[in-house]
Amino acid sequence: MLRGFSLEVASGEFVALMGPSGSGKSTFLHLAAGLLVPDSGEIEVGGEMVSAMGDSAAARFRRRREGVVFQSFNLIESMDVEANIALPARLDRRRVDAARVAELMSRLGLAGLEKRLPARLSGGECQRVAIARALYMKPEIVLADEPTGNLDLASARGICALLGELNASERTAILVVTHDPMVAAAASRVCFLREGAVVASCATGHDPAAVSAMYLKHCG
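Below is a short write-up of the structure.

Quick notes on the rules
Residues numbered from 1 in each chain as written. Predicted model: local features only at pLDDT ≥ 70, side-chain atom pairs only at ≥ 80, totals over all residues. Heavy atoms only, no water. 1 Å grid on protein atoms, 1.4 Å probe; cavity = no way out; pocket = protein on both sides within 12 Å on 5 of 7 lines; lining within 4 Å. Points joined across faces, edges and corners; volume = space filled by probe spheres on them. Helix = DSSP H or I, 4+ residues; strand = E, 2+ residues; numbered from the N terminus. Buried < 20%, exposed > 50% of the residue type's maximum accessible area, 1.4 Å probe, protein only. Pairing = 2+ DSSP bridges. Core = buried A, V, L, I, M, F, W, Y, C linked by side-chain atoms within 4.5 Å. Axes fitted to C-alpha atoms, helices over the stretch in contact; angles between N-to-C directions. Parallel < 35°, antiparallel > 145°, perpendicular 65-115°, else oblique. Contact = heavy atoms within 4.5 Å. Nonpolar A, V, L, I, M, F, W, Y, C, P; charged D, E, K, R; others polar.

## Some words on empty space enclosed by the protein
Rolled over the atoms, a probe with the dimensions of a water molecule shows which regions are left empty.
Logical step 1: Tallying each qualifying case throughout the model produces one cavity of 30 Å³ or more.
Logical step 2: Roughly 50 Å³ of internal volume is contained in the largest cavity.
Logical step 3: What lines the largest cavity is simply Ile131, Leu135, Val142, Leu163, Leu166, Asn167, Thr172 and Ile174.
Logical step 4: Within the residue set of the lining of the largest cavity, elements represented by two or more residues are helix H6 (123-135) and helix H7 (153-170).
Logical step 5: Counting residues per element, the lining of the largest cavity draws most heavily on H7, at three residues.

Next comes the structure, spelled out in structure tokens:
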């Protein structure tokens, strides 16, 4: 449960949200994505009040102006890599921008996997496809919920580096929920959540050890 929760992410900023299990991290991410409706309070993204939207409006807003990345990838198993990346356009009844798909595949190290189904991809490749899909519509913010939770260490490190590179090049804001100091250190700022409220906000210095020490101080 979130109580007295307040968080602001600036345009183009990369922020990590850390806290113990049950502190409300994923709940907030789902609220920001319009997947849940708050009992009270307001959630504004890009000047739009997401918390006041109905299901259809929230789905349309999420598709067009937010990118969401889940721990479990949430790829469509019957669709190949290209189709999964372009899914937001198809759902929005837009013509697929093949050049945008190719650009994202190249930048995310997926070239040559265009026609491959998710079952034939590694976990790291699946998460890269999910990130490409989240970026396809050039959203104002990407919301990532434990994006390395199902990956081995090497793949997790690759995803962390990738998120930092994409934040710098796309200038898309990123809010990542994580329990991993290595993931949080990819962000420029980390916010610590305890018992439903943000209790501290600190620069990461891109140093996992420093993030770990700060976590123990504020949430331990």
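## A few points about the pairing of strand E6 (residues 173-177)
Logical step 1: Burial within E6 is extensive, with five of its five residues counted as buried.
Logical step 2: Where strand E1 (residues 14-18) lies against E6, four bridges are found, and the strand directions are parallel. Residue pairing in the sheet places Val15 in a bridge with Leu175 of E6.
Logical step 3: Across five bridges, the pairing between strand E5 (residues 141-145) and E6 is parallel. Bridging from a neighbouring strand, Val142 pairs with Ile174 of E6.

## Things to note about the nonpolar core
Logical step 1: Grouped together as the largest cluster of nonpolar side chains are 50 residues, with contacts concentrated most on Ile85, Leu108, Ile131, Val190 and Phe192.
Logical step 2: Counting residues per element, this core draws most heavily on H6, at seven residues.
Logical step 3: By size, the runner-up hydrophobic cluster in this structure holds 22 residues, among which are Ala33, Val50, Phe61 and Ala173.

## What to know about the packing of helix H5 (residues 98-107) against H7
Logical step 1: Packing of H5 against H7 leaves a shortest axis separation of 12 Å and a crossing angle of 135°. In terms of orientation, H5 lies oblique with respect to H7. In this structure, H5 contributes Arg100, Glu103 and Arg107 to the contact, and H7 contributes Leu162, Leu166, Ser169 and Glu170.
Logical step 2: For the contact of H5 with H7, the per-class residue count stands at two nonpolar, one polar and four charged.

## Some words on the layout of surface pockets
Logical step 1: Of the voids in this model, the largest pocket is the one considered here, and its volume is about 900 Å³.
Logical step 2: Lining of the largest pocket is provided by 32 residues; of these, Leu7, Phe28, Glu42, Ile43 and Glu44 occupy positions nearest its centre.
Logical step 3: At four residues, helix H1 (residues 25-32) tops the list of elements feeding residues into the lining of the largest pocket.
Logical step 4: Looking at the lining of the largest pocket residue by residue, the class counts come to 18 nonpolar, eight polar and six charged.
Logical step 5: Empty space within the second largest pocket amounts to approximately 400 Å³.
Logical step 6: Along the wall of the second largest pocket there are 16 residues; nearest its centre are Arg62, Arg63, Pro88, Leu91 and Arg133.
Logical step 7: Of all the secondary structure elements, the ones that give two or more residues to the lining of the second largest pocket are helix H2 (55-65), strand E4 (66-69), helix H4 (87-91) and H6.
Logical step 8: Of the residues in the lining of the second largest pocket, the class split is ten nonpolar, two polar and four charged.

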